[in-house]
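Reading the structure
Residue-level listing of the chains:
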Amino acid sequence: MSHSSLASGPLPTIPPLLALALRPLPLLPLQLVLGGFLERILRRNPGLLDRLGEHRRARFGIKPTDLPFAFIVEAAPARLSVVRELPSGLDACVSASFANLLALVEGRVDGDALMFSRQLGIEGDMEAVLALRNAIDDARLDLAAELASLFGPLGEPARRSFELARDRLTGAPREQG
């Protein structure tokens, strides 16, 4: 597995005032949009969740440390929930800044390096987290391309815009290989 730790230092965080402004917003619209986005990713990468193996029934908590909400991801059945706080009883929880979480999903940073530098927190079933990490790594997701696919004929300009925003948030472009 090769990761390119592209950032020379910690990635930026969401400004606290922006996070505060997001706090009163309703979560349901975000959940509907992200749930639809997850469904689209799974349609385009049909074996992604099968790679979880024995951890297919695990419930994962994902907490962007710089945002006022978190996500619960379930593989069987595939579901994403947006919550204010993660509940107890999850199989595993992963926490990091939003930029680090995005960079992890796209294989732009080394999760081990983030964990040892305390920019990534993991609690619960480590084997389940490793299975999730391996499944995501194997899929080689490009979130800008996934988002752009929603825009039909405007997909290419949308992809370039998403890539620019992503690269500013997470560091240099992913290495090809």
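What counts and what doesn't
Residues numbered from 1 in each chain as written. Predicted model: local features only at pLDDT ≥ 70, side-chain atom pairs only at ≥ 80, totals over all residues. Heavy atoms only, no water. Buried < 20%, exposed > 50% of the residue type's maximum accessible area, 1.4 Å probe, protein only. Helix = DSSP H or I, 4+ residues; strand = E, 2+ residues; numbered from the N terminus. Pairing = 2+ DSSP bridges. Salt bridge = Lys/Arg side-chain N within 4 Å of Asp/Glu carboxyl O. Axes fitted to C-alpha atoms, helices over the stretch in contact; angles between N-to-C directions. Contact = heavy atoms within 4.5 Å. Phe/Tyr/Trp six-rings, centres within 6.5 Å; stacked < 30°, edge-to-face > 60°.

Details of the pairing of strand β2 (residues 70-75)
- In terms of burial, β2 is a largely internal element, five of the six residues being buried.
- Both strand β1 (residues 59-64) and β2 contribute to a ladder of four bridges, which runs antiparallel. Residue pairing in the sheet places F60 in a bridge with V73 of β2.
- Between the end of β1 and the start of β2, which pair antiparallel, lie five residues.
- The sheet contact formed by β2 and strand β3 (residues 78-83) spans six bridges and is antiparallel. Of the residues in β3, the one forming a bridge with V73 is L80.
- What sits between β2 and β3 in their antiparallel hairpin is a turn of two residues.

Points about unusual backbone geometry
- A cis amide bond links A76 to the next residue, P77, at an omega of -5 degrees.
- In this fold, P77 is placed in the loop between β2 and β3.
- In this structure, R118 takes a positive phi of about 65 degrees despite not being glycine.
- Within the secondary structure, R118 is located in the loop between α4 (111-116) and β5 (120-124).
- According to the relative accessible area criterion, R118 is exposed, its value standing at 79%.
- Positive phi outside glycine occurs at R140, with the angle close to 45 degrees.
- You can see R140 is positioned in the loop between α5 (126-139) and α6 (143-148).

A short note on the pairing of strand β4 (residues 92-96)
- The element β4 is extensively covered by neighbouring structure, given that four of its five residues are classed as buried.
- In terms of strand pairing, β1 meets β4 through five bridges, oriented parallel. Directly across from I62, in β4, lies its bridge partner V94.
- Bridging between β4 and β5 involves five bridges; their strand directions are antiparallel. Following the sheet pairing, A96 is matched in β5 by L120.

A look at the pattern of salt bridges
- Under the criterion given, the structure shown has ten salt bridges.
- Among the charged side chains, a network of salt bridges with common partners joins E156, R159, R160 and E163.

As for the environment of L164
- Locating L164 in the fold gives a position in helix α7 (residues 155-170).
- Through-space distance from the C-alpha of L164 to that of A144 is 9.1 Å; in sequence the pair is 20 residues apart.

A closer look at the sheet that holds β2
- Taken in spatial order, the five strands of this open sheet run β3-β2-β1-β4-β5, and their pairing is mixed. Lying at the two open borders of the sheet, with one neighbouring strand each, are β3 and β5. For this sheet the average axis-to-axis angle between neighbouring strands, irrespective of direction, equals 15 degrees.
- Against the sheet, helix α2 (residues 28-44) makes contact with β2 and β3, and its axis sits at roughly 155 degrees relative to β3, the strand it touches most.

With respect to the packing of aromatic side chains
- Considering all chains together, one arrives at two aromatic pairs under this definition.
- Measuring from centroid to centroid gives 5.8 Å for F69 and F71, while their planes differ by 75 degrees, and the two rings are edge-to-face. This pair shows no difference in class: F69 is buried, exactly as F71 is.

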